[in-house]
Amino acid sequence: MNEILLVSAGGFLGAISRFVASKQIQTWNKTSFPAGTLAVNLIGSFLLGLLVGMQVKGELYALFGIGYMGAFTTFSTMMLESEQLIHTKKNKLFYSYMIISYIIGIALAFCGLIIGKMV
């Protein structure tokens, strides 16, 4: 039961953080490129890699790894925004978004793992 409460609390905070960060970043971006979602997903990839690299486990991982990072990052929004880019025939933006999301996201998670192991 304690773990469920920790995941819930982390999820609550992560969702609010994502909303605020994504909206703020998107206001700076005056194009239809989904920079807000991209930024939070890339930050989340790095931070989750960092947590795993630091071997955070148990209640701390439930709070931050599962709860916070699970709600902070958003695969579903990324997919919806990708579909919207395709639907509006913004193919260059779509491919850029997908390439950056996956390649840089994986690279940042890997960097987080490496740095986390050094800490």
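Residues numbered from 1 in each chain as written. Predicted model: local features only at pLDDT ≥ 70, side-chain atom pairs only at ≥ 80, totals over all residues. Heavy atoms only, no water.

S.K.: I would appreciate a short explanation of helix α3 (residues 58-72) in the present structure.
M.R.: Since the α-helix packs 3.6 residues into each turn, any two residues three or four apart lie on the same face. A rise of 1.5 Å per residue sets the reference length of α3, with its 15 residues, at 21 Å; its end C-alpha atoms lie 19 Å apart and thus fit the reference within 8%. Along α3, the residues classified as buried are A62, L63, G65, G67, Y68, M69, A71 and F72. Those residues of α3 that are buried are in contact with α1 (2-28) and α2 (35-53). (Helix = DSSP H or I, 4+ residues; strand = E, 2+ residues; numbered from the N terminus. Expected span 1.5 Å × (residues − 1). Buried < 20%, exposed > 50% of the residue type's maximum accessible area, 1.4 Å probe, protein only. Contact = heavy atoms within 4.5 Å.)

S.K.: How do you make sense of unusual backbone geometry when you look at a structure like this?
M.R.: Positioned with a positive phi, Q55 is a non-glycine residue whose angle comes to about 60°. Its location among the elements puts Q55 in the loop between α2 and α3. Even without glycine at this site, K89 takes up a positive phi of about 60°. Structurally, the position occupied by K89 is in the loop between α4 (75-87) and α5 (91-118).

S.K.: Looking at this model, I keep getting lost on α1. Mind explaining?
M.R.: Taking 1.5 Å per residue as the helical rise, α1 with its 27 residues ought to reach 39 Å, and the 39 Å between its terminal C-alpha atoms agrees with that figure. Of all the positions in α1, only L6, G10, G11, G14 and S22 are classed as buried. Each element contacted by the buried residues of α1 is listed here: α2 and α3.

S.K.: I would appreciate a short explanation of the nonpolar core in the present structure.
M.R.: Generally speaking, a soluble globular protein has its nonpolar side chains buried in company with each other. One finds F33, A35, L38, L42, M78, L85, F94, Y97 and M98 forming the largest nonpolar core, which totals 9 residues. Within the residue set of this core, elements represented by two or more residues are α2, α4 and α5. When near neighbours in sequence (up to four residues on either side) are disregarded, F94 contacts S82, L85 and I86. In this structure, L51, V56, Y68 and F72 belong to the second largest nonpolar core, which totals 6 residues. (Core = buried A, V, L, I, M, F, W, Y, C linked by side-chain atoms within 4.5 Å.)

S.K.: Where do I start with the packing of aromatic side chains in this structure?
M.R.: Two aromatic rings, taken as a pair, are described by how far apart their centres are and by the angle between their planes. The tally for this structure, following the rule as stated, stands at 3 aromatic pairs. Their ring planes at 75° and their centres at 5.7 Å tell us that F33 and Y97 sit as a pair that is edge-to-face. In this pair, F33 sits in the loop between α1 and α2 while Y97 sits in helix α5, placing the two residues 64 residues apart along the sequence. Per residue, the accessibility class of F33 equals that of Y97, and both read buried. Ring geometry for F94 against Y95: centres 5.0 Å apart, planes inclined by 70°, an arrangement best described as edge-to-face. (Phe/Tyr/Trp six-rings, centres within 6.5 Å; stacked < 30°, edge-to-face > 60°.)

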